[in-house]
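Next come the chains, spelled out residue by residue.
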Amino acid sequence: MYAVIETGGKQYRVQPGDKVRIEKINGETSTEIMLDKVLAIGGEGSPKFGTPYISGARVTAEITAQARDKKIIVFKYKSKKNYRRKQGHRQYYTEILIKDISC
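Residues numbered from 1 in each chain as written. Predicted model: local features only at pLDDT ≥ 70, side-chain atom pairs only at ≥ 80, totals over all residues. Heavy atoms only, no water.

Draft legend 1. Summary view of the pairing of strand β7 (residues 58-68). Here 4 bridges tie strand β4 (residues 32-35) to β7, and the two strands are oriented antiparallel to one another. From the neighbouring strand, I33 faces β7, where its bridge partner is A61. Pairing of β7 with strand β10 (residues 92-102) involves 10 bridges; the strand directions are antiparallel. Along β10, the bridge assignment pairs T60 with D100. (Pairing = 2+ DSSP bridges. Helix = DSSP H or I, 4+ residues; strand = E, 2+ residues; numbered from the N terminus.)

Draft legend 2. How the structure looks around the packing of aromatic side chains. Per the counting criterion, the structure on display carries 1 aromatic pair. For R13, the ring lying beneath its charged end belongs to Y2, and the centroid distance is 4.0 Å. The cationic tip of R68 hangs over the ring face of Y92; the distance from NZ or CZ to the ring centre is 4.8 Å. (Phe/Tyr/Trp six-rings, centres within 6.5 Å; stacked < 30°, edge-to-face > 60°. Lys NZ or Arg CZ within 6 Å of the ring centre and 35° of its normal.)

Draft legend 3. Broad picture of the nonpolar core. By size, the foremost hydrophobic cluster in this structure holds 18 residues, and its most contacted members are V38, V59 and I96. Leaving out residues up to four positions away in the same chain, I96 has contacts with D18, K19, V20, I22, I33, L35, A61, E62, I63 and T64. (Core = buried A, V, L, I, M, F, W, Y, C linked by side-chain atoms within 4.5 Å. Buried < 20%, exposed > 50% of the residue type's maximum accessible area, 1.4 Å probe, protein only. Contact = heavy atoms within 4.5 Å.)

Draft legend 4. Quick look at the sheet that holds strand β1 (residues 2-7). Taking strand neighbours across the sheet as the criterion, the 4 strands line up as β2-β1-β5-β6 in an open arrangement whose pairing is antiparallel. Of all the strands in the sheet, the pair left with one neighbour each is β2 (10-14) and β6 (48-49). Looking at chain direction, β1 and β2 are connected through 5 bridges and run antiparallel. Looking at the pairing, V4 lines up with R13 of β2.

Draft legend 5. Spatial organisation of the sheet that holds β4. Reading across the sheet, the 4 strands line up as β3-β10-β7-β4 and stay open at both edges, with antiparallel pairing between neighbours. Taken across any chain shown, the strands that pair with only one partner, and hence form the sheet edges, are β3 (19-23) and β4. Each adjacent strand pair in this sheet contributes to an overall mean axis angle of 45°, direction not counted. With 5 bridges joining them, β3 and β10 adopt antiparallel strand pairing. When the bridges of β10 are listed, V20 appears paired with I96. (Axes fitted to C-alpha atoms, helices over the stretch in contact; angles between N-to-C directions.)

Draft legend 6. Expanded view of a positive patch on the surface. A surface patch of positive charge is lined by R68, K71, K86 and R90. When you line up the elements, R68 lands in strand β7. (Patch = residues over 30% accessible without salt bridge, like charges linked within 9 Å, V, L, I, M, F, W, Y side chains within 5 Å. Areas by Shrake-Rupley, 256 points an atom, 1.4 Å probe, with all protein chains shown as cover. Salt bridge = Lys/Arg side-chain N within 4 Å of Asp/Glu carboxyl O. Lys, Arg positive; Asp, Glu negative; His and termini not counted. Charge placed at Lys NZ, Arg CZ, Asp CG, Glu CD.)

So, in structure tokens, the structure goes:
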């Protein structure tokens, strides 16, 4: 069984046992969370699709880590004008473990 969820402005296809990195959400590690923005559920028989969400469907997950991603370098320049700007960025993320999908 799998589900398509929406969180942090992005969509993820998940199934029980998956570890997924999502945009940072508040919560301590080893805390259970409920994700109720479920767009689709499939795997057993015909799939169900929401308009835009399936009412009553939930995905139960556990927060396993709160961390920051690797550094990326943002570098802008204009040729022949001596214009250079270098900036680094590290994005915060939350890693979750999918426990259960219910509809």
